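Geometric and topological summary
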Amino acid sequence: MRGLVILLLLTSCAAEQTWRRAPHDRVYQHVPPPIEHPLPPPRHVVYEWWQAASRGAIEPLAHGLSPRTALELLIEREEAGDLNHFGQVVGSTWFEPRLGARTMSTEAVAKGNALRPPAPGALLVLGGKLSGATPGMVVEDSTGARFVVKFDPPGFPEMSSAAEVIVSRALHAAGWFVPENYLYDIRVDSLTLAPGATTRGEYNEEVPLTSTMLRALIANVNPRKDGTVRAMLSRFIPGKIIGAGSFRTRHHDDPNEALWPTDRRSMRGLGLFYNWMNNIDGRDSSTIATWIASPSDPRLGHIEHYLIDFGDSLGGAGYRAKFPGEGYELRVDWTGIASQFFSLGFYYHYWLPVRRAPFRAVGFFESEIYVPEKWRPSIPNPSFEAMTVRDRYWAGSLIARFTPEMITALVAEAKFSEHGAAQFVAETLRARQEKILGWAFAPVLPLDDPRVDGSVLSLTDLAAYAGVVPGGLRTLSWRAYWDNGLLTAGEIEDSREIAVDLGPALARFNTDRGAVVDADPFVTVRFIDPTRPELGVNVHLRVDGKRLVPVGLDRDLE
Amino acid sequence: MTLLAALLLVSTQTSSTATVTPPLEGLVLDESPLTTSIRPEPGSEVEIGRTLLDIPGAFIELAFMPLQPLVELSERYQVHQRLFDLITNDELTFAASPVIEVFSSSGIGFGGAALYNDPLLSSDRVSAIVIGRVNGDISSTGVIAHRLPSMSGRTIKLEGGYYLNHDFRYYGVDPDNTGVRTLIEDEGVDVVLTLQVLNPGDSDFRLYLSGAYRHRELVPGTPTATSLDLPITPGDGFTAPGGFNQSLDYPEAGLRLEFDSRDSGGRTTTGAVASVEGVFTRDLQGAGTGGLQGTTQLSFFAPVLPLHRVVFMQFGAKFAAPIQGTLPLHNLVRLGGQHTLRGYDTERFLGRFGWWSTFEYRYKVFEETDTGIGFSAALFFDAGQVGEDFGRMMMSPVRWSAGLGLRLEHSLFLLGRLQLGFSPEGIQVSVGLGELL
């Protein structure tokens, strides 16, 4: 059924390319504002155990028996729906284009949205969760701003707080919504217990928070000799939190959630970022849906989706360092189990040679054994698994824009105190970036960012930009077509930025033929790498008034 | 606000790709009106096509849905922790647990277990387990073990047990063994006091002295819903075991020497376990049953590949010699069941002499990283012989079985195993909990 639908869609697309077809407005790509709606009731909380059991065992079993799974092996998965005609993700309540859409300085990437740090001075402790493996608190600074406080696991100072800062800043730069995360040295004597502060007891029940409990917590989270303890303060997410998002299903309380998460390139491609950053926490509970009231009518608003909890990134796993194998296979990896069982134990996991980094704050984080296509989160993530080659290219095109300077600046924000740890993490991230781009760019010609200056069409070669062109730079061929005919052609040396001037051909053609665009207002320029001529990039331009405007880009796949 | 910023950024993006540039000479203005909205239209509440493509997998998910509220309530209110604390007194380290026995030829069994102190890792412990089965069978055991500081930590252990088995499947002692079985009701009481002799800190050797009292009553069995065999009757071709239709009391004295050099009590990769045991018993009722039995067993673990790919080999032999009259049933060599010749029925072969061996290849399949608990698979081949005397034993056919098993292990102890054994007589499934090897 679905395959038939896809075929019909493809047929209709073949009849008239989407970039040629109205609608287009004056800027050709327009996203209307979100639909405003009343505050929905709180969502059902899906607890961790059930999600782990459901995602880890029940859903794989169900998927294995579903025709959809077989169909998707035969027919390429449907492309995502949150796209413009350049294959870029448009703004939504899940994602806003940043690094790929505008120039960002290294400092802007490194600082991200962390521009309102907590005010210095005393912190009022409102409550918290002091028992369990991942203790935390809620505090209020002197200005009344509230923060969630997270500590590093005992014995692993800086590990999870560094991961939180690095990954949240990188994700923010790329375009996802994340909380403002700050590293903060809490002076133990600056903590004041608020009257009526509560915490969770052994049975998850609410109990009064006492100063004894607080002292016990601090004593267990790597306090320094000078009476301070390093913590990560996460500013409260704006709006009214209604629950978690989902990587699998739509929530019908959100009229802006027209697409399933698995049909969003922003959610599919997020998997490549988590892959790069080794964030194995792809649970629904690592997202938050918050209702933002409209400034004009507080009774109405819309739901935005935030990604949270990045302590499972890099070499950490929240309250501990990662175990060998985490990030390389699912927590309950049925394929691995079956391989071990049926091979009579002769099958060995490829990741076995992985060794702990030589820094206590880093844990298991490396780039040598790492194979991007084999990376796995701890439990299956349906959106990540829905990633197509184009989704992967898109996410790769964002990752490629993180320059070495940006990565170094991001890691510097983590303020590692161990000598060499920051350099190790930055180098590992760069090495993983190189591998992941090699995978993401392999089946495409990674030309992107079409722009026109006068009659000159320019593009960026993202592989060259990121320095990951296999075999070095080459000569590209290009051909410009109009009205089903060849307008002009040429060759150009590849570099980070390539440009072709269509002016002479257009001028000559106009001289010969008079008005050009009466019959066909669109010009298509096709670029190919002669060494792999099957991989082309077509840039569609429209004559708009007396200007050339890029209106679409499509690329061939291997 | 953030979304408004997002929309502005989208505009910025599209503007950046659609740079406003000076007009090109010679191009004709095209001012056709253009409008757009690229927000996807909301889908229907229930997407029929998507749902249909997920059948029958969707039904599997639906079938598990009733578990969701239970699991979530347990996590939210920490029900598991409350239950655990309810049956566990942390200061006294006391725990109780219900027990359900599924894999029993006498039908399903229900009971309970109580433990004081860590039953798996400590020599100081008190434990008891009672199980009643649907056919009226009862099985109960209790253990009190204590390390004696005044004797350098040597252990003294008192074990007691009572059992009643209405349908013990009796195939006869060696010459009667035709594969036909009959039923015996077996009732017994055991009390065993064991004292560790050698200093446990000195070496891998352990020496135990034991004294025991055993009471036995063997009478014709009772057919049950799960056992359609007939009870043993005179003249049916079977030789009744010693002490049949009598109520007998046996004192017993034993000496056992053990050697254990395993690297781990659970997921063992290397080491050996060896034992030699001699037991003397004689009934007090003048029935003329009693004897001397000697048992030796050697188990050897060898890593054949890295990371818990291990070969386990075991060889054991036993003889039982009557002091006067006949040997009691419990003194005989018994092969078949969970530990030997696993493809055969429990205690399928009985004799005065016997040997058994196992070759087993074990390999780790999965380990849960947080707890260290995991599964190993095992492929095994068992062999053994029994006989009325040594010569007959050697002349009798070598019995064999093969199979596979799944072992639930922690690195420190074996939690249990599920085995599927094949033999010329069919297939046997067995389950063992908390075993040593």
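None of these values were measured; they are calculated from a predicted model. (Residues numbered from 1 in each chain as written. Chains lettered and ligands numbered in written order. Predicted model: local features only at pLDDT ≥ 70, side-chain atom pairs only at ≥ 80, totals over all residues.)

Observations concerning helix α6 (residues 211-219) of chain A
Residue and element names in this part refer to chain A. L214, L217 and I218 are the residues of α6 that are buried. The buried residues of α6 all sit within an arc of 95 degrees when viewed along its axis, so they share a single face. More than 90 degrees from the buried face of α6, the exposed residues found are T212, R215 and A219. In the core, the buried residues of α6 are packed alongside β1 (123-129), β5 (191-200) and β7 (228-235). (Buried ≥ 20, exposed ≤ 12 C-beta atoms within 10 Å, placed from the backbone. Helix = DSSP H or I, 4+ residues; strand = E, 2+ residues; numbered from the N terminus. Arc of directions from axis to C-beta. Contact = placed C-beta atoms within 7 Å.)

Section: the nonpolar core
Membership of the largest hydrophobic core comes to 128 residues, with the highest contact counts inside it found for I166(A), F273(A), I399(A) and V425(A). When near neighbours in sequence (up to four residues on either side) are disregarded, I399(A) contacts L272(A), F273(A), W276(A), Q433(A), I436(A) and L437(A). (Core = buried A, V, L, I, M, F, W, Y, C linked by C-beta atoms within 7 Å.)

Notes on the pairing of strand β16 (residues 374-387) of chain B
All names here are of chain B. One ladder, built from 14 bridges, connects strand β15 (residues 353-367) with β16; its direction is antiparallel. Following the sheet pairing, T358 is matched in β16 by D382. If you look at the hairpin formed by β15 and β16, you'll find six residues sitting between the two strands, and G372 has a positive phi there, around 80 degrees. Here β16 runs beside strand β17 (residues 399-409); their pairing, made up of 11 bridges, is antiparallel. By the bridge assignment for β17, F375 is matched with L408. (Pairing = 2+ DSSP bridges.)

Let's talk about the packing of helix α7 (residues 265-277) of chain A against helix α12 (residues 421-441) of chain A
All names here are of chain A. Where α7 contacts α12, the axes come no closer than 9 Å and their chain directions differ by 145 degrees. Here α7 runs over α12; the crossing is right-handed. Contact residues: α7 offers L272, N275 and W276, while α12 offers R432, Q433, I436 and A440. Of the residues assigned to the contact of α7 with α12, the class counts are four nonpolar, two polar and one charged. (Axes fitted to C-alpha atoms, helices over the stretch in contact; angles between N-to-C directions. Left-handed = near helix turned anticlockwise from the far one by under 90°. Nonpolar A, V, L, I, M, F, W, Y, C, P; charged D, E, K, R; others polar.)

A word on the sheet that holds strand β8 (residues 240-243) of chain A
Residue and element names in this part refer to chain A. The strand order across the open sheet formed by three strands is β8-β9-β10, and the pairing between neighbours is antiparallel. Every other strand in the sheet has two partners, leaving β8 and β10 (301-307) as the edge strands with one partner each. Strand after strand, the sheet turns through a mean of 35 degrees between neighbouring axes, direction not considered. As defined by bridge partners, strand β9 (residues 287-293) adjoins β10 across seven bridges and the pair is classed as antiparallel. By the bridge assignment, I288 is partnered in β10 with Y306.

A few points about α7(A)
Residues and elements named next belong to chain A. A rise of 1.5 Å per residue sets the reference length of α7, with its 13 residues, at 18 Å; its end C-alpha atoms lie 18 Å apart and thus fit the reference within 8%. Of all 13 residues in α7, 13 are buried; the element is thus mostly enclosed. With its phi angle positive at about 60 degrees, N278 sits one or two positions after the end of α7. (Expected span 1.5 Å × (residues − 1).)

Brief notes about the sheet that holds strand β6 (residues 206-208) of chain A
Residues and elements named next belong to chain A. Spatial ordering of the open sheet is given by β4-β7-β3-β2-β1-β5-β6, a layout of seven strands whose pairing is mixed. This sheet does not close on itself; its edge strands, each paired only once, are β4 (181-187) and β6. Neighbour-to-neighbour, the strand axes of this sheet turn through a mean angle of 30 degrees, independent of strand direction. Two elements, β1 and strand β2 (residues 136-140), share five bridges in a ladder whose sense is antiparallel. The partner of G127 across the bridge, within β2, is V138.

Quick notes on the environment of G384(B)
Residues and elements named next belong to chain B. Here G384 is to be found in strand β16. Along the primary structure G384 and P397 are separated by 13 residues, whereas in three dimensions their C-alpha atoms are 8.9 Å apart. The residues touching G384, leaving out its near neighbours within four places in the chain, are L335, T340, L341, G354, W355, W356, S357 and R399.

Quick notes on the packing of helix α2 (residues 48-64) of chain A against helix α4 (residues 67-76) of chain B
Each pair of packed helices gets described by two things: the angle between the helix axes and the distance between those axes. Where α2(A) contacts α4(B), the axes come no closer than 8 Å and their chain directions differ by 140 degrees. It follows that α2(A) is oblique to α4(B) by the angle criterion. Along the contact surface, α2(A) presents E48(A), W49(A), W50(A) and A53(A), while α4(B) presents Q68(B), V71(B), E72(B) and E75(B). Its residues placed into classes, the contact of α2(A) with α4(B) shows four nonpolar, one polar and three charged. (Parallel < 35°, antiparallel > 145°, perpendicular 65-115°, else oblique.)

Everything listed here is a matter of geometry and, on its own, says nothing about what the molecule does.
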